[in-house]
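Examination of the molecular architecture
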Amino acid sequence: QSGSDRVVVYEAGREDEFVRRLRVVNDLRTALRHNEIQVFYQPKARLEDGTICGVEALVRWHHAELGFLPPDEFIPATEQAGTIVHLTRYVLSEAVRQCRYWLDFGFELEVSVNLSARDLTDEYLPYHVLQILKDNEVRPEMLTLEVTESSIMEDIGRSVLVLECLRDLGVRISIDDFGTGHSSLAQLKNIPVHELKIDKSFVMPICDDRQNEAIVRATIELAHSLELSVVAEGVEDENAIRRVTSLGAEIAQGYFLSKPVPAEELTEWLTKYTPTVYRDRRKTDRAFAREA
Ligand code: C2E
Ligand code: CA
């Protein structure tokens, strides 16, 4: 493709993909009305005492004709089309309503909701958040909004204004997928943020790869020096949870605890859950060897 000699090549597969994308974008609002969109929840454990302190809301779409659609298939498309703001409001109101339900049930669980770049330029978002919290009588600090560095960078001026409004409401802000986006470390101090979530691509292989461990260690140190708490996401086994505990992360999330599940399933899981504190065996063994 150069100058005016443009050649457009249509591939059969590509066309199908394009049609499917269009379909997904067009169907979102109907899907929201017809309850095809469901919010799943994944628990997070406080590593200090092993208790479950919160959940992340993760959306699922059971499309009437296309079947199950994973978020990666419709989030980027709806974000590009701008319809994501409807989805965000739906997930926010579902998650805060569920938070109220759990509070009434005796479970004090903070809820985290993911925001997209579009949401960060939506100046009405703080009003909606405030309304939803008031309607459900949920304290603002029970809600965390997860944003990625890359989404903030798309329009840093407007994003910071929206994030400041949300922070002033008392809502917590978390930097999601930390380490994968733009290297905006210098910007961190200008963004009103409470928490860093280390991306699962660093946490999942933490026990097999020294470089990943070094990245996780450095990120935790950086976060603590900025007085931010750290969530290690993608903890898939016991060794990984032991390692992130010994490196000083405050919270862990991952398949080792539970996959994202529907609210009722999580309520049942919570009633059976026994808090466990995991310490790094490797470190303990070394400490024993030194003492002997
Ligand atoms: P994310 O925000 O980074 O969410 C974490 C993803 O990692 C989730 O995938 C979760 O199921 C997965 N995960 C958690 N623990 C583990 C683990 O131990 N191992 C592995 N292999 N994976 C783990 P999911 O639910 O498919 O969501 C994918 C992405 O879609 C999310 O990534 C987020 O960016 C987006 N997303 C999901 N729900 C929403 C939403 O309501 N709004 C927006 N804007 N984005 C959403
Ligand atoms: Ca997230």
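Look a little higher up for the structure.
My aim in this report is to walk through the structure given alongside it, one point at a time. (Residues numbered from 1 in each chain as written. Chains lettered and ligands numbered in written order. Predicted model: local features only at pLDDT ≥ 70, side-chain atom pairs only at ≥ 80, totals over all residues. Heavy atoms only, no water.)

Okay, the overall build of the protein next. Scanning the protein from N- to C-terminus turns up twelve helices and ten strands. Buried residues in the protein amount to 47% of all 292 residues. Working note: accessible area of the protein is about 15500 Å², and carbon and sulfur atoms make up 49% of it. (Helix = DSSP H or I, 4+ residues; strand = E, 2+ residues; numbered from the N terminus. Buried < 20%, exposed > 50% of the residue type's maximum accessible area, 1.4 Å probe, protein only. Areas by Shrake-Rupley, 256 points an atom, 1.4 Å probe, with all protein chains shown as cover.)

Donor atoms from the polypeptide that coordinate the calcium ion (ligand 2) comprise Glu56 (OE), Asn114 (OD1), Glu146 (OE) and Asp176 (OD), at 2.2 to 2.3 Å from the metal. Of note, the calcium ion (ligand 2) draws all its donor residues from one chain, in the sequence arrangement E-x57-N-x31-E-x29-D. Of this pair, Asn114 sits in strand E4 (residues 110-114) while Glu146 is found in strand E5 (residues 143-148), placing the two residues 32 residues apart along the sequence. We classify Asn114 as partly exposed; its relative accessible area is 27%. (Donors = N, O, S within 2.8 Å, 3.2 Å for Na, K, Ca; no water.)

Across all of its chains, the model carries seven aromatic pairs by this definition. Between Phe256 and Tyr278, the aromatic rings sit 5.6 Å apart at their centres with planes inclined by 75°, giving edge-to-face as the arrangement. One end of the pair, Phe256, is in the loop between strand E9 (251-253) and strand E10 (261-262); the other, Tyr278, is in the loop between helix H11 (263-272) and helix H12 (281-291), and 22 residues separate them in sequence. When its relative accessible area of 26% is taken as the criterion, Phe256 is described as partly exposed. (Phe/Tyr/Trp six-rings, centres within 6.5 Å; stacked < 30°, edge-to-face > 60°.)

Quick look at the site of ligand 1 now. Lining the immediate environment of ligand 1, one finds 23 residues, of which Arg60, Asp176, Asp177, Glu236 and Tyr255 sit closest. Here an oxygen atom of ligand 1 and a side-chain polar atom of Asn114 are 3.1 Å apart. Within the complex, 86% of the 800 Å² of free accessible area of ligand 1 lies under protein. Residue assignment for the shell around ligand 1 shows that the elements contributing at least two residues are strand E2 (52-63), helix H2 (71-81) and strand E6 (172-178). Among the elements that line the shell around ligand 1, the one with the most residues is E2, at four residues. For the shell around ligand 1, the class distribution of residues is ten nonpolar, five polar and eight charged. (Near = heavy atom within 4 Å. Polar contact = N/O pair within 3.5 Å; in protein donor to acceptor, adjacent residues only side chain to side chain. Nonpolar A, V, L, I, M, F, W, Y, C, P; charged D, E, K, R; others polar.)

Position of His63 among the secondary structure elements: in strand E2. Reaching out from His63, the side chain makes a polar contact with the backbone nitrogen of Glu65 at a distance of 3.1 Å. Residues within four places of His63 in sequence aside, it is in contact with Arg23, Asp27, Glu36 and Leu69. (Contact = heavy atoms within 4.5 Å.)

Moving on: the nonpolar core. A general tendency of soluble globular proteins is for nonpolar side chains to be buried together. By size, the foremost hydrophobic cluster in this structure holds 77 residues, and its most contacted members are Ile37, Tyr41, Leu87, Trp102, Leu143 and Leu145. When residues in this core are grouped by element, the largest group, ten residues, is from helix H3 (residues 84-105). When near neighbours in sequence (up to four residues on either side) are disregarded, Trp102 contacts Tyr41, Val55, Phe107, Leu109, Ala263, Leu266, Thr267 and Leu270. (Core = buried A, V, L, I, M, F, W, Y, C linked by side-chain atoms within 4.5 Å.)

A few words on helix H10 (residues 238-247). Along H10, seven of the ten residues are buried, which leaves the element largely enclosed by surrounding structure. One side-chain oxygen of the residue at the start of H10 lies 3.3 Å from the amide nitrogen of Asn239, identifying that residue as Asp237. Where H10 ends, the next residue or the one after it, Gly248, has phi of about 100°, a positive value.

It is worth spelling out the side chain of Thr245 at this point. When you line up the elements, Thr245 lands in helix H10. Within the structure, the side chain of Thr245 is placed 2.5 Å from the backbone oxygen of Ile241, a separation counted as a polar contact. Not counting residues within four places of it along the chain, the set of residues in contact with Thr245 comprises Leu47 and Tyr278.

A separate point is the pairing of strand E7 (residues 195-198). Neither face of E7 is left uncovered, since the one carrying Glu195 and Lys197 and the one carrying Leu196 and Ile198 both have all their residues buried. By the bridge criterion, three bridges tie E6 to E7 in an arrangement that is parallel. When the sheet's bridge partners are listed, Phe178 is paired in E7 with Ile198. In the sheet, E7 pairs with strand E8 (residues 229-233) via four bridges, with the strands oriented parallel. Bridging across to E8, Leu196 finds its partner in Val230. (Pairing = 2+ DSSP bridges.)

This part takes up unusual backbone geometry. For Asn35, which is not a glycine, the phi torsion comes out positive at approximately 55°. Structurally, Asn35 can be placed in the loop between helix H1 (12-33) and strand E1 (37-46). Phi at Glu137 is positive, roughly 50°, even though this residue is not glycine. Residue position: Glu137 is located in the loop between helix H4 (125-136) and E5.

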